[in-house]
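Okay, here's what each chain looks like letter by letter:
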Amino acid sequence: MKTEKMFIGGEWVDSVSGNYFESVNPATGQAIASIPEGVRKDARMAIQSARQGFEQISRMSVWDRSKLLVSIAEVISRRREDLARVLTLEQGKPYYSEALDEIDGTVMAFADAAEQIKWLETSVIPVEDRNKRVLTIRQPKGVYAIITPWNFPFMVAAEYLAPGLAAGNAIVWVPAPTTSLCAIRLAECFEEAGVPVGVLNLVTGKGAVVGDEIVANPGTDAIGFTGSTATGHQIAVRGAGKPMLLELGGNGPTIVLKDADLDHAARMIASGCFYNAGQVCSATERILIHRDVHDEFVAKLVNHAKEIIIGDPFDQRTTMGPLNNEPVTLKNDIHAKDCLDKGAKILIGGKRAANKTSDLFFEPTVIVGVTEECLYNKEETFGPVAPVMSFSTHEEAVEIAARNNWGLVSSVFTSNLKDSMYFAENLRAGIVNINDSSNYWESHVPFGGVAGKASGVGRIGGKYSINEMSDLKTISLDLR
Ligand code: NAD
(Lines give C-alpha, C1' and ligand atoms only; values in the text may rest on other atoms or scores of the structure.)
Protein backbone atom coordinates (compact mmCIF):
# COMPACT_ATOMS: atom_id res chain seq x y z
CA MET A 1 0.00 0.00 0.00
CA LYS A 2 1.46 3.32 -1.13
CA THR A 3 1.84 6.33 1.15
CA GLU A 4 0.50 9.35 -0.73
CA LYS A 5 1.18 13.08 -0.40
CA MET A 6 -0.75 16.35 -0.66
CA PHE A 7 0.01 18.96 -3.34
CA ILE A 8 0.91 22.37 -1.90
CA GLY A 9 3.00 25.10 -3.54
CA GLY A 10 3.85 22.86 -6.48
CA GLU A 11 5.37 20.21 -4.16
CA TRP A 12 4.14 16.80 -2.98
CA VAL A 13 4.22 17.05 0.81
CA ASP A 14 3.26 15.21 4.00
CA SER A 15 1.00 16.83 6.57
CA VAL A 16 2.80 18.74 9.32
CA SER A 17 0.85 16.43 11.68
CA GLY A 18 2.81 13.45 10.36
CA ASN A 19 -0.45 11.48 10.53
CA TYR A 20 -2.21 9.42 7.87
CA PHE A 21 -5.59 7.81 7.32
CA GLU A 22 -6.49 4.89 5.11
CA SER A 23 -8.40 5.05 1.87
CA VAL A 24 -10.54 1.90 1.65
CA ASN A 25 -11.97 -0.03 -1.30
CA PRO A 26 -15.74 -0.15 -0.51
CA ALA A 27 -16.17 -3.34 -2.54
CA THR A 28 -13.71 -5.31 -0.41
CA GLY A 29 -13.10 -3.33 2.77
CA GLN A 30 -9.36 -3.43 2.04
CA ALA A 31 -7.12 -0.40 2.50
CA ILE A 32 -5.71 0.85 -0.82
CA ALA A 33 -3.63 3.89 0.15
CA SER A 34 -2.32 5.86 3.07
CA ILE A 35 -3.43 9.51 2.83
CA PRO A 36 -1.95 12.48 4.74
CA GLU A 37 -4.24 13.66 7.53
CA GLY A 38 -4.01 17.39 6.88
CA VAL A 39 -4.48 19.87 9.75
CA ARG A 40 -5.24 23.60 9.89
CA LYS A 41 -1.57 24.56 9.51
CA ASP A 42 -1.39 22.62 6.20
CA ALA A 43 -4.51 24.40 4.98
CA ARG A 44 -3.03 27.78 5.92
CA MET A 45 0.17 26.97 3.99
CA ALA A 46 -1.96 25.99 0.99
CA ILE A 47 -3.82 29.32 1.18
CA GLN A 48 -0.51 31.22 1.26
CA SER A 49 0.73 29.28 -1.72
CA ALA A 50 -2.52 29.96 -3.59
CA ARG A 51 -2.05 33.68 -2.99
CA GLN A 52 1.26 33.42 -4.88
CA GLY A 53 -0.37 31.21 -7.50
CA PHE A 54 -3.02 33.84 -8.00
CA GLU A 55 -0.35 36.39 -8.97
CA GLN A 56 0.68 33.98 -11.74
CA ILE A 57 -2.63 32.88 -13.15
CA SER A 58 -4.37 36.23 -12.99
CA ARG A 59 -1.63 37.68 -15.19
CA MET A 60 -1.92 34.95 -17.83
CA SER A 61 -3.79 35.93 -20.98
CA VAL A 62 -7.17 34.33 -21.55
CA TRP A 63 -5.69 32.42 -24.50
CA ASP A 64 -2.88 31.03 -22.33
CA ARG A 65 -5.35 29.94 -19.65
CA SER A 66 -7.39 28.27 -22.35
CA LYS A 67 -4.27 26.40 -23.58
CA LEU A 68 -3.53 25.28 -20.01
CA LEU A 69 -7.05 23.85 -19.70
CA VAL A 70 -6.64 22.02 -23.00
CA SER A 71 -3.37 20.52 -21.69
CA ILE A 72 -5.10 19.35 -18.51
CA ALA A 73 -7.89 17.78 -20.60
CA GLU A 74 -5.24 16.01 -22.72
CA VAL A 75 -3.42 14.57 -19.71
CA ILE A 76 -6.69 13.31 -18.17
CA SER A 77 -7.66 11.81 -21.51
CA ARG A 78 -4.28 10.07 -21.83
CA ARG A 79 -4.65 8.63 -18.31
CA ARG A 80 -8.31 7.67 -18.85
CA GLU A 81 -8.13 3.97 -17.89
CA ASP A 82 -5.74 4.54 -14.99
CA LEU A 83 -8.00 7.26 -13.50
CA ALA A 84 -11.19 5.24 -14.04
CA ARG A 85 -9.52 2.32 -12.26
CA VAL A 86 -8.75 4.46 -9.21
CA LEU A 87 -12.30 5.81 -9.31
CA THR A 88 -13.81 2.32 -9.22
CA LEU A 89 -11.34 1.13 -6.62
CA GLU A 90 -12.02 3.98 -4.22
CA GLN A 91 -15.58 5.13 -4.97
CA GLY A 92 -17.08 1.76 -5.93
CA LYS A 93 -18.90 2.62 -9.19
CA PRO A 94 -18.75 0.04 -12.03
CA TYR A 95 -15.63 0.51 -14.16
CA TYR A 96 -17.10 -0.24 -17.58
CA SER A 97 -20.58 1.27 -17.35
CA GLU A 98 -19.87 4.33 -15.17
CA ALA A 99 -16.26 5.12 -14.17
CA LEU A 100 -14.96 5.53 -17.73
CA ASP A 101 -17.91 7.87 -18.46
CA GLU A 102 -17.06 10.01 -15.46
CA ILE A 103 -13.48 10.45 -16.70
CA ASP A 104 -14.79 11.34 -20.17
CA GLY A 105 -17.12 13.90 -18.57
CA THR A 106 -14.16 15.34 -16.68
CA VAL A 107 -12.18 15.75 -19.90
CA MET A 108 -15.22 17.45 -21.44
CA ALA A 109 -15.51 19.89 -18.51
CA PHE A 110 -11.90 21.11 -19.00
CA ALA A 111 -12.26 21.24 -22.79
CA ASP A 112 -15.53 23.14 -22.44
CA ALA A 113 -14.06 25.71 -20.00
CA ALA A 114 -11.16 26.20 -22.43
CA GLU A 115 -13.70 27.12 -25.12
CA GLN A 116 -16.14 29.13 -23.01
CA ILE A 117 -13.50 31.47 -21.60
CA LYS A 118 -12.43 32.49 -25.11
CA TRP A 119 -15.87 33.57 -26.16
CA LEU A 120 -17.07 35.15 -22.93
CA GLU A 121 -18.20 38.66 -23.87
CA THR A 122 -19.12 41.55 -21.61
CA SER A 123 -20.98 44.71 -22.54
CA VAL A 124 -20.65 48.39 -23.33
CA ILE A 125 -23.62 50.07 -21.66
CA PRO A 126 -25.38 53.12 -23.15
CA VAL A 127 -25.73 55.86 -20.48
CA GLU A 128 -27.48 59.19 -20.04
CA ASP A 129 -24.33 61.35 -19.83
CA ARG A 130 -23.02 61.94 -23.37
CA ASN A 131 -19.45 62.43 -22.10
CA LYS A 132 -19.29 59.01 -20.50
CA ARG A 133 -18.50 55.59 -21.87
CA VAL A 134 -19.37 52.68 -19.58
CA LEU A 135 -18.19 49.13 -20.06
CA THR A 136 -17.81 45.95 -18.01
CA ILE A 137 -15.00 43.42 -17.71
CA ARG A 138 -14.78 40.11 -15.89
CA GLN A 139 -11.97 39.57 -13.39
CA PRO A 140 -11.04 36.57 -11.23
CA LYS A 141 -12.29 36.60 -7.66
CA GLY A 142 -8.91 35.53 -6.23
CA VAL A 143 -8.22 32.47 -4.08
CA TYR A 144 -11.06 29.98 -4.19
CA ALA A 145 -11.82 27.47 -1.42
CA ILE A 146 -13.25 24.39 -3.13
CA ILE A 147 -14.79 21.49 -1.17
CA THR A 148 -16.13 18.40 -2.96
CA PRO A 149 -18.09 15.21 -2.11
CA TRP A 150 -17.32 11.55 -2.79
CA ASN A 151 -20.10 10.58 -5.23
CA PHE A 152 -18.44 12.00 -8.39
CA PRO A 153 -14.89 12.67 -7.17
CA PHE A 154 -13.55 13.68 -10.60
CA MET A 155 -16.59 15.26 -12.21
CA VAL A 156 -17.72 17.46 -9.33
CA ALA A 157 -14.13 18.63 -8.81
CA ALA A 158 -13.91 19.49 -12.52
CA GLU A 159 -17.13 21.52 -12.22
CA TYR A 160 -15.15 24.00 -10.08
CA LEU A 161 -11.51 23.53 -11.05
CA ALA A 162 -12.08 24.00 -14.81
CA PRO A 163 -14.16 27.23 -14.73
CA GLY A 164 -12.23 28.45 -11.68
CA LEU A 165 -8.92 28.31 -13.54
CA ALA A 166 -10.51 29.55 -16.76
CA ALA A 167 -11.65 32.66 -14.91
CA GLY A 168 -8.12 33.20 -13.53
CA ASN A 169 -8.53 32.09 -9.91
CA ALA A 170 -6.09 30.11 -7.78
CA ILE A 171 -7.51 27.19 -5.84
CA VAL A 172 -7.24 25.46 -2.49
CA TRP A 173 -9.11 22.17 -2.76
CA VAL A 174 -10.32 19.89 0.04
CA PRO A 175 -11.82 16.65 -1.33
CA ALA A 176 -14.02 14.17 0.57
CA PRO A 177 -11.77 11.93 2.70
CA THR A 178 -13.17 8.67 1.26
CA THR A 179 -12.16 9.66 -2.28
CA SER A 180 -8.85 11.39 -1.54
CA LEU A 181 -6.83 9.11 -3.82
CA CYS A 182 -8.94 10.21 -6.82
CA ALA A 183 -8.18 13.83 -5.90
CA ILE A 184 -4.45 13.13 -5.65
CA ARG A 185 -4.47 11.51 -9.11
CA LEU A 186 -6.34 14.50 -10.58
CA ALA A 187 -3.82 16.90 -9.00
CA GLU A 188 -1.06 14.85 -10.68
CA CYS A 189 -2.71 15.64 -14.02
CA PHE A 190 -2.54 19.36 -13.25
CA GLU A 191 1.15 19.08 -12.42
CA GLU A 192 1.84 17.10 -15.58
CA ALA A 193 -0.01 19.70 -17.67
CA GLY A 194 2.32 22.41 -16.29
CA VAL A 195 -0.05 24.36 -14.05
CA PRO A 196 1.97 27.27 -12.52
CA VAL A 197 3.18 26.76 -8.93
CA GLY A 198 0.52 27.56 -6.33
CA VAL A 199 -2.42 27.71 -8.75
CA LEU A 200 -3.81 24.38 -7.52
CA ASN A 201 -3.30 23.24 -3.94
CA LEU A 202 -4.75 20.01 -2.60
CA VAL A 203 -5.21 19.45 1.13
CA THR A 204 -6.49 16.06 2.29
CA GLY A 205 -8.00 15.44 5.72
CA LYS A 206 -11.20 15.94 7.68
CA GLY A 207 -13.69 18.40 6.23
CA ALA A 208 -14.52 19.79 9.67
CA VAL A 209 -10.80 20.64 10.09
CA VAL A 210 -9.13 21.51 6.77
CA GLY A 211 -12.42 22.27 4.99
CA ASP A 212 -13.49 24.57 7.79
CA GLU A 213 -10.10 26.31 7.73
CA ILE A 214 -10.24 27.16 4.02
CA VAL A 215 -13.84 28.37 4.35
CA ALA A 216 -13.32 30.59 7.38
CA ASN A 217 -9.76 31.82 6.78
CA PRO A 218 -9.71 35.45 5.55
CA GLY A 219 -7.02 34.40 3.03
CA THR A 220 -9.62 32.82 0.74
CA ASP A 221 -11.83 35.17 -1.26
CA ALA A 222 -14.67 32.90 -2.40
CA ILE A 223 -16.13 29.44 -1.81
CA GLY A 224 -17.35 26.62 -4.04
CA PHE A 225 -18.96 23.75 -2.16
CA THR A 226 -20.81 20.64 -3.27
CA GLY A 227 -22.11 18.36 -0.56
CA SER A 228 -24.91 17.86 1.89
CA THR A 229 -27.37 20.55 2.91
CA ALA A 230 -26.29 20.28 6.57
CA THR A 231 -22.62 20.95 5.76
CA GLY A 232 -23.61 23.64 3.25
CA HIS A 233 -25.43 25.52 5.98
CA GLN A 234 -22.39 25.36 8.28
CA ILE A 235 -20.21 26.65 5.48
CA ALA A 236 -22.62 29.51 4.80
CA VAL A 237 -22.17 30.60 8.43
CA ARG A 238 -18.41 30.04 8.67
CA GLY A 239 -17.73 31.75 5.35
CA ALA A 240 -20.30 34.52 5.82
CA GLY A 241 -19.66 37.49 3.58
CA LYS A 242 -17.67 35.58 0.93
CA PRO A 243 -19.21 34.90 -2.48
CA MET A 244 -20.47 31.31 -2.44
CA LEU A 245 -21.58 28.64 -4.81
CA LEU A 246 -23.41 25.99 -2.80
CA GLU A 247 -24.56 22.85 -4.63
CA LEU A 248 -26.43 20.83 -2.02
CA GLY A 249 -28.79 17.91 -1.70
CA GLY A 250 -31.83 16.94 -3.73
CA ASN A 251 -34.82 14.65 -3.46
CA GLY A 252 -35.78 14.55 -7.17
CA PRO A 253 -39.55 14.18 -7.39
CA THR A 254 -40.50 12.53 -10.66
CA ILE A 255 -44.09 12.66 -11.87
CA VAL A 256 -45.65 10.19 -14.30
CA LEU A 257 -48.95 11.29 -15.89
CA LYS A 258 -51.44 8.74 -17.19
CA ASP A 259 -50.70 9.61 -20.83
CA ALA A 260 -46.94 8.93 -20.45
CA ASP A 261 -45.08 6.29 -22.45
CA LEU A 262 -44.78 3.93 -19.47
CA ASP A 263 -42.02 1.75 -20.95
CA HIS A 264 -39.85 4.81 -21.52
CA ALA A 265 -40.76 6.31 -18.12
CA ALA A 266 -39.92 3.09 -16.25
CA ARG A 267 -36.56 2.77 -18.06
CA MET A 268 -35.58 6.39 -17.39
CA ILE A 269 -36.80 6.32 -13.78
CA ALA A 270 -34.88 3.10 -13.11
CA SER A 271 -31.75 4.82 -14.35
CA GLY A 272 -32.59 7.88 -12.20
CA CYS A 273 -32.92 5.65 -9.13
CA PHE A 274 -30.08 3.20 -9.65
CA TYR A 275 -27.27 4.99 -11.54
CA ASN A 276 -24.20 5.28 -9.26
CA ALA A 277 -26.27 3.17 -6.82
CA GLY A 278 -28.52 6.21 -6.35
CA GLN A 279 -25.68 8.31 -4.90
CA VAL A 280 -26.47 11.33 -7.05
CA CYS A 281 -27.78 14.73 -5.94
CA SER A 282 -30.24 14.63 -8.86
CA ALA A 283 -31.28 10.99 -8.29
CA THR A 284 -34.95 10.10 -8.60
CA GLU A 285 -35.89 9.71 -4.95
CA ARG A 286 -39.64 10.20 -5.00
CA ILE A 287 -41.82 8.80 -7.76
CA LEU A 288 -45.36 10.17 -8.06
CA ILE A 289 -47.51 8.00 -10.32
CA HIS A 290 -50.99 8.81 -11.53
CA ARG A 291 -53.39 6.38 -9.81
CA ASP A 292 -54.73 5.00 -13.11
CA VAL A 293 -51.32 3.72 -14.26
CA HIS A 294 -49.76 2.92 -10.87
CA ASP A 295 -49.80 -0.89 -11.01
CA GLU A 296 -48.75 -1.16 -14.66
CA PHE A 297 -45.85 1.25 -14.10
CA VAL A 298 -44.68 -0.42 -10.89
CA ALA A 299 -44.54 -3.85 -12.57
CA LYS A 300 -42.25 -2.41 -15.25
CA LEU A 301 -40.04 -0.69 -12.67
CA VAL A 302 -39.64 -3.90 -10.66
CA ASN A 303 -38.52 -5.69 -13.85
CA HIS A 304 -35.79 -3.09 -14.35
CA ALA A 305 -34.69 -3.47 -10.74
CA LYS A 306 -34.46 -7.26 -11.24
CA GLU A 307 -32.16 -6.79 -14.24
CA ILE A 308 -29.51 -5.02 -12.17
CA ILE A 309 -26.39 -7.04 -11.52
CA ILE A 310 -24.74 -6.20 -8.20
CA GLY A 311 -21.17 -7.28 -7.67
CA ASP A 312 -17.48 -6.70 -8.36
CA PRO A 313 -17.38 -3.25 -9.97
CA PHE A 314 -14.48 -4.37 -12.18
CA ASP A 315 -16.56 -7.17 -13.72
CA GLN A 316 -17.89 -6.16 -17.15
CA ARG A 317 -21.34 -7.62 -16.34
CA THR A 318 -21.79 -5.60 -13.14
CA THR A 319 -24.24 -2.70 -13.32
CA MET A 320 -24.18 -1.70 -9.64
CA GLY A 321 -21.30 -1.63 -7.19
CA PRO A 322 -21.29 -1.06 -3.43
CA LEU A 323 -22.32 2.15 -1.72
CA ASN A 324 -19.30 4.26 -0.90
CA ASN A 325 -19.29 4.11 2.89
CA GLU A 326 -21.01 2.81 6.01
CA PRO A 327 -22.91 6.02 7.00
CA VAL A 328 -24.73 6.19 3.65
CA THR A 329 -25.50 2.45 3.77
CA LEU A 330 -26.81 2.77 7.32
CA LYS A 331 -29.06 5.63 6.19
CA ASN A 332 -30.52 3.28 3.55
CA ASP A 333 -31.18 0.64 6.25
CA ILE A 334 -32.90 3.24 8.43
CA HIS A 335 -35.06 4.66 5.61
CA ALA A 336 -36.21 1.16 4.55
CA LYS A 337 -37.16 0.17 8.10
CA ASP A 338 -38.92 3.49 8.68
CA CYS A 339 -41.17 3.08 5.63
CA LEU A 340 -42.11 -0.47 6.67
CA ASP A 341 -43.01 0.85 10.12
CA LYS A 342 -45.25 3.42 8.42
CA GLY A 343 -47.13 0.85 6.35
CA ALA A 344 -45.33 0.90 2.99
CA LYS A 345 -44.62 -2.33 1.12
CA ILE A 346 -41.19 -3.30 -0.20
CA LEU A 347 -41.64 -5.18 -3.50
CA ILE A 348 -37.96 -5.90 -4.04
CA GLY A 349 -34.75 -5.14 -2.12
CA GLY A 350 -34.83 -2.97 0.99
CA LYS A 351 -31.75 -4.57 2.54
CA ARG A 352 -28.02 -5.10 2.16
CA ALA A 353 -27.10 -7.75 -0.39
CA ALA A 354 -25.98 -11.03 1.21
CA ASN A 355 -22.80 -12.96 0.37
CA LYS A 356 -20.88 -10.06 -1.13
CA THR A 357 -17.25 -9.07 -0.68
CA SER A 358 -18.20 -6.26 1.69
CA ASP A 359 -21.17 -5.14 3.75
CA LEU A 360 -21.78 -2.03 1.62
CA PHE A 361 -23.75 -3.61 -1.25
CA PHE A 362 -27.44 -2.60 -1.09
CA GLU A 363 -30.12 -4.31 -3.16
CA PRO A 364 -32.01 -2.25 -5.77
CA THR A 365 -35.24 -1.40 -3.99
CA VAL A 366 -38.80 -0.66 -5.12
CA ILE A 367 -41.36 0.36 -2.51
CA VAL A 368 -45.05 1.18 -2.89
CA GLY A 369 -47.49 2.81 -0.50
CA VAL A 370 -44.88 5.35 0.60
CA THR A 371 -46.47 8.22 2.50
CA GLU A 372 -45.39 11.80 2.99
CA GLU A 373 -44.45 10.93 6.59
CA CYS A 374 -41.78 8.43 5.44
CA LEU A 375 -38.13 9.49 5.67
CA TYR A 376 -37.88 8.72 1.94
CA ASN A 377 -40.07 11.73 1.42
CA LYS A 378 -38.50 13.98 4.03
CA GLU A 379 -34.78 13.34 3.64
CA GLU A 380 -32.30 12.61 0.91
CA THR A 381 -31.69 8.82 0.88
CA PHE A 382 -28.70 8.65 -1.50
CA GLY A 383 -29.12 4.97 -2.30
CA PRO A 384 -30.57 2.56 -4.90
CA VAL A 385 -34.21 3.13 -3.99
CA ALA A 386 -37.42 3.78 -5.92
CA PRO A 387 -40.06 4.95 -3.42
CA VAL A 388 -43.45 5.18 -5.15
CA MET A 389 -46.44 7.34 -4.18
CA SER A 390 -49.60 8.06 -6.14
CA PHE A 391 -51.69 11.13 -7.02
CA SER A 392 -54.93 12.01 -8.80
CA THR A 393 -54.64 15.59 -10.08
CA HIS A 394 -51.88 17.78 -11.49
CA GLU A 395 -52.28 20.23 -8.61
CA GLU A 396 -51.95 17.46 -6.02
CA ALA A 397 -48.74 16.21 -7.70
CA VAL A 398 -47.19 19.69 -7.67
CA GLU A 399 -48.12 20.15 -4.01
CA ILE A 400 -46.68 16.79 -2.90
CA ALA A 401 -43.52 17.45 -4.90
CA ALA A 402 -43.06 20.82 -3.20
CA ARG A 403 -43.83 19.64 0.33
CA ASN A 404 -40.27 19.03 1.45
CA ASN A 405 -36.98 20.75 1.88
CA TRP A 406 -35.40 20.27 -1.53
CA GLY A 407 -35.68 21.91 -4.92
CA LEU A 408 -32.91 20.68 -7.19
CA VAL A 409 -34.15 18.52 -10.10
CA SER A 410 -37.63 17.28 -10.98
CA SER A 411 -38.80 15.12 -13.85
CA VAL A 412 -42.13 14.76 -15.60
CA PHE A 413 -43.30 12.08 -18.03
CA THR A 414 -46.23 12.96 -20.32
CA SER A 415 -47.08 13.07 -24.01
CA ASN A 416 -48.97 16.36 -23.64
CA LEU A 417 -47.15 19.60 -24.40
CA LYS A 418 -49.49 21.77 -22.37
CA ASP A 419 -49.08 19.55 -19.28
CA SER A 420 -45.30 19.55 -19.77
CA MET A 421 -45.26 23.33 -19.51
CA TYR A 422 -47.68 23.35 -16.58
CA PHE A 423 -45.29 21.20 -14.55
CA ALA A 424 -42.13 22.87 -15.88
CA GLU A 425 -43.44 26.24 -14.71
CA ASN A 426 -44.98 25.16 -11.41
CA LEU A 427 -42.51 22.68 -9.90
CA ARG A 428 -40.28 24.27 -7.26
CA ALA A 429 -36.96 23.09 -8.65
CA GLY A 430 -33.89 24.55 -10.35
CA ILE A 431 -34.19 22.07 -13.23
CA VAL A 432 -37.21 20.27 -14.70
CA ASN A 433 -36.53 17.45 -17.16
CA ILE A 434 -39.47 16.49 -19.36
CA ASN A 435 -39.51 12.85 -20.49
CA ASP A 436 -36.04 12.07 -19.18
CA SER A 437 -34.41 10.91 -15.98
CA SER A 438 -33.88 13.46 -13.22
CA ASN A 439 -30.17 12.72 -13.78
CA TYR A 440 -30.10 14.17 -17.32
CA TRP A 441 -27.58 17.03 -17.43
CA GLU A 442 -24.71 18.21 -19.62
CA SER A 443 -21.82 20.08 -18.10
CA HIS A 444 -22.43 23.40 -19.91
CA VAL A 445 -26.12 23.55 -18.88
CA PRO A 446 -27.05 25.67 -15.80
CA PHE A 447 -27.57 23.51 -12.71
CA GLY A 448 -28.49 24.43 -9.13
CA GLY A 449 -31.20 24.73 -6.50
CA VAL A 450 -34.31 26.93 -6.59
CA ALA A 451 -34.58 29.82 -4.11
CA GLY A 452 -36.56 29.14 -0.95
CA LYS A 453 -35.43 25.50 -0.66
CA ALA A 454 -32.33 23.82 0.77
CA SER A 455 -30.65 22.64 -2.45
CA GLY A 456 -28.14 25.44 -2.73
CA VAL A 457 -27.22 28.84 -4.06
CA GLY A 458 -26.01 29.78 -7.54
CA ARG A 459 -25.62 27.95 -10.83
CA ILE A 460 -22.80 25.78 -12.09
CA GLY A 461 -22.31 24.65 -15.70
CA GLY A 462 -20.17 26.05 -18.53
CA LYS A 463 -20.28 29.82 -18.83
CA TYR A 464 -22.66 30.04 -15.84
CA SER A 465 -19.86 28.76 -13.59
CA ILE A 466 -17.36 31.16 -15.15
CA ASN A 467 -19.76 34.03 -14.47
CA GLU A 468 -20.23 32.90 -10.87
CA MET A 469 -16.48 32.43 -10.36
CA SER A 470 -15.52 35.87 -11.66
CA ASP A 471 -16.40 39.43 -10.68
CA LEU A 472 -18.11 41.80 -13.06
CA LYS A 473 -16.32 45.15 -12.89
CA THR A 474 -17.91 48.32 -14.22
CA ILE A 475 -15.56 50.90 -15.76
CA SER A 476 -16.71 54.39 -16.62
CA LEU A 477 -14.61 56.79 -18.74
CA ASP A 478 -15.18 60.51 -18.68
CA LEU A 479 -14.20 62.01 -22.04
CA ARG A 480 -14.61 65.72 -21.14
P1 NAD B 1 -20.86 16.09 3.07
O2 NAD B 1 -21.56 17.38 3.25
O3 NAD B 1 -20.79 15.16 4.20
O4 NAD B 1 -19.34 16.37 2.67
C5 NAD B 1 -19.02 17.15 1.55
C6 NAD B 1 -17.63 17.71 1.72
O7 NAD B 1 -17.64 18.63 2.81
C8 NAD B 1 -16.58 16.67 2.08
O9 NAD B 1 -15.39 16.98 1.41
C10 NAD B 1 -16.40 16.84 3.57
O11 NAD B 1 -15.14 16.43 4.02
C12 NAD B 1 -16.58 18.34 3.70
N13 NAD B 1 -16.98 18.82 5.03
C14 NAD B 1 -17.62 18.14 5.99
N15 NAD B 1 -17.80 18.95 7.07
C16 NAD B 1 -17.29 20.14 6.77
C17 NAD B 1 -17.19 21.39 7.46
N18 NAD B 1 -17.68 21.54 8.70
N19 NAD B 1 -16.60 22.43 6.84
C20 NAD B 1 -16.12 22.31 5.59
N21 NAD B 1 -16.18 21.15 4.88
C22 NAD B 1 -16.76 20.08 5.47
O23 NAD B 1 -21.47 15.42 1.76
P24 NAD B 1 -21.06 14.01 1.13
O25 NAD B 1 -21.70 12.95 1.95
O26 NAD B 1 -19.60 13.95 0.87
O27 NAD B 1 -21.76 14.11 -0.31
C28 NAD B 1 -23.07 13.79 -0.53
C29 NAD B 1 -23.91 15.05 -0.62
O30 NAD B 1 -23.47 15.88 -1.70
C31 NAD B 1 -25.35 14.75 -0.92
O32 NAD B 1 -26.16 15.53 -0.09
C33 NAD B 1 -25.52 15.18 -2.37
O34 NAD B 1 -26.83 15.53 -2.74
C35 NAD B 1 -24.60 16.33 -2.44
N36 NAD B 1 -24.24 16.61 -3.85
C37 NAD B 1 -24.79 17.69 -4.47
C38 NAD B 1 -24.50 17.95 -5.80
C39 NAD B 1 -25.08 19.13 -6.52
O40 NAD B 1 -24.59 19.48 -7.58
N41 NAD B 1 -26.10 19.79 -5.97
C42 NAD B 1 -23.66 17.07 -6.52
C43 NAD B 1 -23.12 15.97 -5.85
C44 NAD B 1 -23.41 15.75 -4.51
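Residues numbered from 1 in each chain as written. Predicted model: local features only at pLDDT ≥ 70, side-chain atom pairs only at ≥ 80, totals over all residues. Heavy atoms only, no water.

In terms of domains, the protein is made up of domain 1 (2-248 + 458-476) and domain 2 (253-442). Contacts between the two partners involve 29 residues from domain 1, matched on the other side by 27 residues from domain 2. Overall, the association of domain 1 and domain 2 removes approximately 2,100 Å² of surface from exposure, summing both partners, and the carbon and sulfur fraction of that is 58%. Between the two partners, domain 1 and domain 2, sit zero salt bridges. Linking domain 1 to domain 2 there are ten residue pairs in polar contact (both at pLDDT 80 or more). For the side of domain 1 that touches domain 2, the secondary structure elements donating two or more residues are α3 (80-91), α4 (95-116) and α5 (155-166). Split into classes, the residues belonging to the side of domain 1 that touches domain 2 amount to eleven nonpolar, eleven polar and seven charged. (Domains from an automatic or database assignment. Contact = heavy atoms within 4.5 Å. Buried area = accessible area lost by both parts, 1.4 Å probe. Salt bridge = Lys/Arg side-chain N within 4 Å of Asp/Glu carboxyl O. Polar contact = N/O pair within 3.5 Å; in protein donor to acceptor, adjacent residues only side chain to side chain. Helix = DSSP H or I, 4+ residues; strand = E, 2+ residues; numbered from the N terminus. Nonpolar A, V, L, I, M, F, W, Y, C, P; charged D, E, K, R; others polar.)

A word on the nonpolar core. In terms of nonpolar packing, the biggest core is built from 91 residues, with Ile76, Phe110, Leu161, Leu165, Trp173 and Phe190 touching the most fellow members. Among the nonpolar cores identified, the runner-up in size contains 37 residues, and Trp150, Met268, Ala277 and Ile348 belong to it. (Core = buried A, V, L, I, M, F, W, Y, C linked by side-chain atoms within 4.5 Å. Buried < 20%, exposed > 50% of the residue type's maximum accessible area, 1.4 Å probe, protein only.)

The next thing to look at is empty space enclosed by the protein. Tallying each qualifying case throughout the model produces three cavities of 30 Å³ or more. Estimates place the volume of the largest cavity at around 100 Å³. Lining the largest cavity we find 15 residues, and of these Ala109, Asp112, Pro163, Ser443 and Gly462 sit closest to its centre. Looking at the lining of the largest cavity, the elements with two or more residues in it are α4, α5 and α15 (462-468). Each pocket or cavity is described by its volume, and for the second largest cavity that value is around 70 Å³. (1 Å grid on protein atoms, 1.4 Å probe; cavity = no way out; pocket = protein on both sides within 12 Å on 5 of 7 lines; lining within 4 Å. Points joined across faces, edges and corners; volume = space filled by probe spheres on them.)

Viewed as axis vectors pointing N to C, α3 and α4 meet at an angle of 120°, and their least axial separation amounts to 9 Å. When the interaxial angle is binned, α3 and α4 end up oblique. α4 is crossed by α3, and the crossing has right-handed handedness. Packed against α3, whose contacting residues are Arg80, Glu81, Leu83, Ala84, Arg85, Leu87 and Thr88, the element α4 presents Tyr95, Ala99, Leu100, Glu102, Ile103 and Asp104 at the interface. (Axes fitted to C-alpha atoms, helices over the stretch in contact; angles between N-to-C directions. Parallel < 35°, antiparallel > 145°, perpendicular 65-115°, else oblique. Left-handed = near helix turned anticlockwise from the far one by under 90°.)

With that out of the way, let us pick up the site of the ligand. Taken together, the neighbourhood of the ligand is formed by 27 residues, with Thr148, Ser228, Thr231, Leu248 and Glu380 sitting nearest. A distance of 3.4 Å separates a nitrogen atom of the ligand from a polar backbone atom of Gly207. Within the side chain of Gln234, an N or O atom sits 3.1 Å from a nitrogen atom of the ligand. Coverage of the ligand by the protein amounts to 88% of the 850 Å² it exposes when considered alone. Listing elements by their share of the shell around the ligand, those giving two or more residues are α7 (207-216), β11 (222-226) and α8 (229-238). It is α7 that contributes the most residues to the shell around the ligand, four residues altogether. For the shell around the ligand, the per-class residue count stands at 14 nonpolar, ten polar and three charged. (Near = heavy atom within 4 Å. Areas by Shrake-Rupley, 256 points an atom, 1.4 Å probe, with all protein chains shown as cover.)

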